[in-house]
Amino acid sequence: MNIQKVISGFFFILAMTTNFGFFYGDPANLDYHSKYELFAAIIVNLIATILKLGDKTQLGSVLLATSLVADIQLIGAATVWAFAVYGLGGLNLEATVAVISMSGGALLANIVSVLLFIGDTLKSKR
Amino acid sequence: METNSAWIIIHRMRTPLLVIILTFSISILGLTLIPGQDDQGNPYYMTFFDAFYFVSYMATTIGFGEAPYTFTYPQRLWVSFCIYLTVIGWFYGIGNIVALIQDKKLARELGIARFRSKVRKLSEPFIIVLGYNNVTKEIIQRLSLEGIRTVVVDKDEEKIEEIELENFIPEVPAISADTTKPQTLKLAGIHQKNCQAVVVLFEDDIKNAKIALMCKLLNKKINIIVKSTTKENTEHLRNIGIRHIENPFKIISDRLYFEITAPYIWLLEVWVFGHILKIRKKEFLPKGKYIICGAGRMGRALAEGLERAGIEYVFIDIKSSEYKKMKQSAIYGDAEDIKTLLNAGIKEAACIIAATKDDMINLTILSTAKKLNPNIYTIARENSVEDLSIFKSARIDKVYILEKILADYTYNFIAKPLTNRFIKLIHKKDNRWAMGLVGKLSATIGKNPLLFEITLTPKEAYALANALKEGIEINLEVLRRSRANYKQHNKILFLLYHDEEETILLPPDSLKVKYGASLLVACDEEAKEDFEYVINNYYELHYVLYGEEATVGIWKKCKLLG
């Protein structure tokens with residue numbers, strides 16, 4: 001067992017699950033989506049990104065790319081939320097749906113990332 | 001991946017980034033969970049945006065105060081904890097960045113990246129010079145004047161800094177790296193199309209051979225100029241197909257041989273390297289007994305030259321390093337030394353050669369010898385070009401500078417291939433022939449003829465090359481004609497003609513030149529200007545060919561313009 005693999009695997013999957021946790025629920029109603037979960041998703045995704053930095057292999061580059069996509073989408077979601085509340089004076093339906101669908105996009109990227117990670121692990125002989 | 005430097009940065013920044021993210025997220029989360037009080041006394045919870053905003057300016061120690069409302073005590077408790085947490089994290093990150101800037105490994109990688117891009121951007125032909133010292137410095141300077149760029153690799157960091165301070169124009173890209181490694185040579189651009197040659201002139205023969213072999217394997221087409229001082233090594237280098245092998249000791253040996261037996265061949269050779277075309281009286285070597293001080297590579301090479309010339313000689317074995325250790329001084333000439341000189345027959349010797357590795361010892365040997373025999377002819381080996389003035393003022397009859405000879409030959413091989421060929425050919429001639437040529441040169445041109453090479457291509461001889469392409473026959477006599485009056489000739493002599501089929505020393509006037517051939521020309525300043533006009537300008541060429549002005553337009557008389 002490789003402790004580094006455990007840690008990175010833990011964060012990759014946690015990034016996906018927290019993301020899913022936020023995304024799951026009625027996309028038009030923010031009551032079903034916890035802001036704490038979005039916060040957790042952003043932080044865990046950032047950590048996962050940093051763990052992926054510095055891997056020179058082809059797979060490492062693709063993993064990093066998926067993570068960056070997820071980061072941008074999640075931070076985008078948070079920005080839209082903040083902008084809607086403070087800039088537009090409240091969340092309307094359009095902003096709510098945008099926040100949720102952006103996190104959905106991030107979720108897709110995270111799923112790809114986890115699939116790649118699992119595939120790599122299965123191929124590994126150690 | 002191309003740039004290692006980017007990877008080094010990413011690697012080193014991983015932990016600091018993690019620390020910053022963690023400390024930020026803990027602080028932000030805490031702030032959103034702790035209840036506060038707004039200005040009306042109602043309880044409220046900070047939003048994520050409020051918390052993020054507050055932590056951002058707190059962690060960076062900007063500190064705008066408590067926002068959006070004054071904090072309650074539970075909040076302050078948490079904030080005081082966060083201050084230390086985030087500020088430590090932040091400083092750790094900044095500290096790491098600063099350390100990274102000073103990181104040697106990173107600086108080196110950045111240097112390599114810069115060097116690589118500089119070498120790639122070279123569009124002119126260039127040569128790679130391995131090792132930076134007095135010899136290569138001179139080569140670089142002279143090649144720069146010819147428009148040939150150089151790239152330098154040296155193991156020593158200080159030498160590279162020296163190059164940077166030297167401010168060569170155009171710039172000479174340089175890097176410190178292990179010259180015996182193939183990666184280094186690749187980095188220096190050995191695979192590039194415009195890389196013409198590699199110059200390997202280290203002291204160590206084995207190292208030279210190793211690098212030469214490596215260059216040959218990396219790029220078959222490249223010219224390799226390599227120094228080799230032993231026969232076995234030279235043979236070995238020849239076997240792997242290296243054509244230009246330089247042995248400074250052999251060159252000196254040959255020079256001494258020619259100086260004694262055929263002074264005019266010697267004169268032609270040194271004239272090519274900038275001597276005036278006249279032997280001064282004191283430059284004639286005496287015939288008689290020679291004393292060679294120092295029996296190293298140099299001493300033995302000189303002895304070989306003397307032997308070939310049939311001159312009697314004796315050795316005085318002085319090893320400079322041992323001498324200095326034994327006597328604790330670099331001044332030759334105590335009672336014991338004088339005895340040695342007397343035993344060697346200094347009184348009746350004609351010439352003494354000081355050929356040790358130490359300049360000071362060489363100088364003192366010769367001054368002692370002069371005291372014992374005022375008429376003796378003195379020759380010194382000078383080891384470094386730097387203290388030339390001392391040797392000049394010491395009134396030594398002749399000075400051999402190994403470094404200069406090496407630089408001269410390397411430069412000629414790279415920039416003046418015909419001159420190089422010329423020297424090889426005159427070595428096979430005899431003194432009378434050389435005397436004749438010197439006489440002819442000084443009679444037609446004067447004591448200080450210019451020497452230059454030209455290749456008959458549109459780049460260097462536009463009109464002539466195009467005329468030759470058209471099939472117009474032009475011989476060397478035409479090229480000597482004056483621009484002012486075609487019946488007269490300029491002060492010009494062709495020393496060597498070379499094309500794909502033949503090489504002719506002193507080509508006759510009737511020789512018809514071919515397109516792409518090259519010529520070694522001796523002439524005076526005015527003739528050079530005329531010659532360059534004639535070969536580059538249609539009208540001038542037409543005039544010297546047919547003796548009439550070329551006219552264009554409705555008459556279309558200019559045959560050259562078609």
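Please read these numbers as outputs of a predicted model, since none were measured by experiment.

Analysis parameters
- Residues numbered from 1 in each chain as written.
- Chains lettered and ligands numbered in written order.
- Predicted model: local features only at pLDDT ≥ 70, side-chain atom pairs only at ≥ 80, totals over all residues.
- Heavy atoms only, no water.
- Helix = DSSP H or I, 4+ residues; strand = E, 2+ residues; numbered from the N terminus.
- Rg over C-alpha atoms; globule rule 2.2 N^0.38 Å.
- Buried < 20%, exposed > 50% of the residue type's maximum accessible area, 1.4 Å probe, protein only.
- Contact = heavy atoms within 4.5 Å.
- Areas by Shrake-Rupley, 256 points an atom, 1.4 Å probe, with all protein chains shown as cover.
- Lys, Arg positive; Asp, Glu negative; His and termini not counted.
- Charge placed at Lys NZ, Arg CZ, Asp CG, Glu CD.
- Phe/Tyr/Trp six-rings, centres within 6.5 Å; stacked < 30°, edge-to-face > 60°.
- Buried area = accessible area lost by both parts, 1.4 Å probe.
- Salt bridge = Lys/Arg side-chain N within 4 Å of Asp/Glu carboxyl O.
- Polar contact = N/O pair within 3.5 Å; in protein donor to acceptor, adjacent residues only side chain to side chain.
- Nonpolar A, V, L, I, M, F, W, Y, C, P; charged D, E, K, R; others polar.
- Pairing = 2+ DSSP bridges.
- Axes fitted to C-alpha atoms, helices over the stretch in contact; angles between N-to-C directions.
- Right-handed = clockwise from strand over helix to strand, strands pointing away.
- Patch = residues over 30% accessible without salt bridge, like charges linked within 9 Å, V, L, I, M, F, W, Y side chains within 5 Å.
- Expected span 1.5 Å × (residues − 1).
- Core = buried A, V, L, I, M, F, W, Y, C linked by side-chain atoms within 4.5 Å.
- Domains from an automatic or database assignment.
- Parallel < 35°, antiparallel > 145°, perpendicular 65-115°, else oblique.
- Left-handed = near helix turned anticlockwise from the far one by under 90°.

1. Some remarks on the overall build of chain B
Next up, step 1: Each helix and strand counted, chain B has 23 helices and 17 strands in total.
Next up, step 2: The C-alpha radius of gyration computed for chain B amounts to 36 Å, which surpasses the reference 24 Å derived for 562 residues by more than 25%, pointing to a less compact arrangement than a globule.
Next up, step 3: Put simply, chain B has 562 residues, and 51% of those count as buried.
Next up, step 4: Long-range pairs, those at least 24 residues apart, make up 65% of the contacts in chain B between residues at least 6 apart in sequence.
Next up, step 5: Taken as a whole, chain B presents about 28,400 Å² of accessible surface, with 54% of it coming from carbon and sulfur.
Next up, step 6: Computed over 74 positive and 67 negative side-chain charges, the inter-centroid distance for chain B is 4 Å.

2. A look at the packing of aromatic side chains
Residue and element names in this part refer to chain B.
Next up, step 1: On inspection of all chains with the given rule, the structure shows 23 aromatic pairs over all chains.
Next up, step 2: Between the aromatic rings of phenylalanine 24 and tryptophan 90, the centroid separation amounts to 6.0 Å while the plane-to-plane angle is 35°, which identifies the pairing as tilted. Here the residue phenylalanine 24 occupies a position in helix H1 (residues 4–33), and tryptophan 90 occupies one in helix H3 (residues 73–102), the gap between them amounting to 66 residues.
Next up, step 3: The class for phenylalanine 24 is buried, based on a relative accessible area of 14%.
Next up, step 4: On the basis of relative accessible area, tryptophan 90 is assigned to the partly exposed category, the value being 26%.
Next up, step 5: Measuring from centroid to centroid gives 6.1 Å for phenylalanine 452 and phenylalanine 531, while their planes differ by 55°, and the two rings are tilted.

3. What to know about the interface of chain A and chain B
Next up, step 1: Contacts between chain A and chain B engage 14 residues on the former and 18 residues on the latter.
Next up, step 2: Here chain A packs against chain B, burying approximately 1,600 Å² in sum over the two surfaces, 76% of which is carbon and sulfur.
Next up, step 3: Summed over the shared surface of chain A and chain B, the result is zero salt bridges.
Next up, step 4: In this assembly, chain A and chain B are joined by three residue pairs in polar contact (both at pLDDT 80 or more).
Next up, step 5: Tallying contributions element by element places helix H2 (residues 35–52) of chain A first for the side of chain A that touches chain B, with eight residues.
Next up, step 6: In terms of residue class, the side of chain A that touches chain B is built from ten nonpolar, one polar and three charged.

4. Re the sheet that holds strand E12 (residues 377–382) of chain B
Residues and elements named next belong to chain B.
Next up, step 1: Spatial strand order, E10-E9-E11-E12-E13: five strands in an open sheet with parallel pairing. Each edge of the sheet is formed by a strand with only one pairing partner; in this case those strands are strand E10 (313–316) and strand E13 (398–401). On average, each strand axis in the sheet is tilted by 15° relative to the strand beside it, whichever way the strands run.
Next up, step 2: Summarising the sheet, strand E9 (residues 290–293) and E10 pair through four bridges and their orientation is parallel. By the bridge assignment, tyrosine 290 is partnered in E10 with tyrosine 313.

5. Examining the pairing of E12 of chain B
All names here are of chain B.
Next up, step 1: Across the six residues of E12, six count as buried, placing the element largely inside the fold.
Next up, step 2: Here E12 shows a buried face lined by Tyr377, Ile379 and Arg381 and a second buried face lined by Thr378, Ala380 and Glu382.
Next up, step 3: As judged from the four bridges shared by strand E11 (residues 351–354) and E12, these two strands associate in the parallel manner. By the bridge assignment for E12, alanine 354 is matched with alanine 380.
Next up, step 4: Crossover E11 to E12 through helix H15 (residues 359–372) is right-handed.
Next up, step 5: With four bridges joining them, E12 and E13 adopt parallel strand pairing. From the neighbouring strand, alanine 380 faces E13, where its bridge partner is valine 399.

6. Thoughts on the pattern of salt bridges
Residue and element names in this part refer to chain B.
Next up, step 1: Per the stated rule, a full pass over the model turns up 29 salt bridges over all chains.
Next up, step 2: Here lysine 398 makes a salt bridge to glutamate 259, at a shortest N to O gap of 2.1 Å. Linking lysine 398 in strand E13 with glutamate 259 in helix H10 (residues 248–261), this pair joins segments that are 139 residues apart in sequence.
Next up, step 3: For lysine 398, a relative accessible area of 8% translates into the label buried.
Next up, step 4: Taken together, the shared-partner salt bridges in this structure form one network comprising Glu138, Arg142, Lys404 and Asp408.

7. Looking at a negative patch on the surface
Next up, step 1: A contiguous patch of negative charge, built from Asp156, Glu157, Glu158, Glu161, Glu162 and Glu164 of chain B, is present on the exposed surface.
Next up, step 2: As for its placement among the helices and strands, glutamate 161 of chain B is situated in helix H6 (residues 157–166).

8. Quick look at a positive patch on the surface
Next up, step 1: Positive charge collects at one region of the surface, where Arg238, Arg243, Arg421, Lys424 and Lys428 of chain B lie side by side.
Next up, step 2: Among the structural elements, arginine 421 of chain B can be located in helix H18 (residues 417–426).

9. So, the sheet that holds strand E5 (residues 174–176) of chain B
All names here are of chain B.
Next up, step 1: Across the sheet, six strands lie side by side as E5-E4-E3-E6-E7-E8; this open sheet has parallel pairing. The sheet is open, and its two borders are formed by E5 and strand E8 (244–246), each paired with just one other strand. Across the sheet, the mean angle separating the axes of adjacent strands is 15° when strand polarity is ignored.
Next up, step 2: Bridge count for strand E4 (residues 149–154) against E5 is three bridges, and the pairing is parallel. In the sheet register, valine 153 faces E5, and the bridge partner there is isoleucine 175.
Next up, step 3: Contacting E4 and E5, H6 crosses the sheet at an angle of about 165° to E5.

10. Overview of the side chain of histidine 275 of chain B
Residue and element names in this part refer to chain B.
Next up, step 1: Its location among the elements puts histidine 275 in the loop between helix H11 (263–272) and E9.
Next up, step 2: A relative accessible area of 16% means that histidine 275 is categorised as buried.
Next up, step 3: Of note is the side chain of histidine 275, whose polar atom sits 2.8 Å from the side chain of glutamate 283.

11. Some words on helix H1 (residues 3–23) of chain A
Think of an α-helix as turning once every 3.6 residues; residues three or four places apart then point the same way.
All names here are of chain A.
Next up, step 1: End to end, H1 covers 30 Å across 21 residues, agreeing with the expected 30 Å (1.5 Å per residue, within 8%).
Next up, step 2: Buried residues of H1: Ser8, Gly9, Phe11, Phe12, Ala15, Met16, Thr18, Asn19 and Phe22, and no others.
Next up, step 3: Check the buried side of H1 and you find it contacts H2, helix H3 (58–87) and helix H4 (93–123).
Next up, step 4: Taking the backbone nitrogen of glutamine 4 as reference, a side-chain oxygen 3.0 Å away marks asparagine 2 as the first, capping residue of H1.
Next up, step 5: Phi turns positive one or two residues past the end of H1, at glycine 25, with a value near 130°.

12. Description of the nonpolar core
Residue and element names in this part refer to chain B.
Next up, step 1: Formed by 52 residues in total, the largest nonpolar core has its most connected members in Leu268, Leu302, Ile353, Phe422 and Leu441.
Next up, step 2: For this core, the element with the most residues is H11, which contributes eight residues.
Next up, step 3: Two domains each put at least three residues into this core: domain 3 (250–414) and domain 4 (449–562).
Next up, step 4: If we ignore the near neighbours within four places in the chain, the residues touching leucine 441 are Leu268, Trp271, Leu277, Gly446, Leu493, Leu495 and Ala522.
Next up, step 5: Within the second largest apolar cluster, 32 residues are counted, among which are Phe452, Ala461, Val478 and Cys523.

13. Concerning the packing of H1 of chain A against H4 of chain A
Residue and element names in this part refer to chain A.
Next up, step 1: In the contact formed by H1 and H4, the axes pass within 8 Å of each other and the chain directions differ by 150°. It follows from the interaxial angle that H1 and H4 lie roughly antiparallel. Handedness of the H1/H4 crossing: left-handed. In contact with Lys5, Gly9, Phe12, Ile13, Ala15, Met16, Asn19, Phe20, Phe22 and Phe23 of H1, H4 contributes Val99, Ile100, Ser103, Gly104, Ala106, Leu107, Asn110, Ile111, Val114, Phe117, Asp120 and Thr121.

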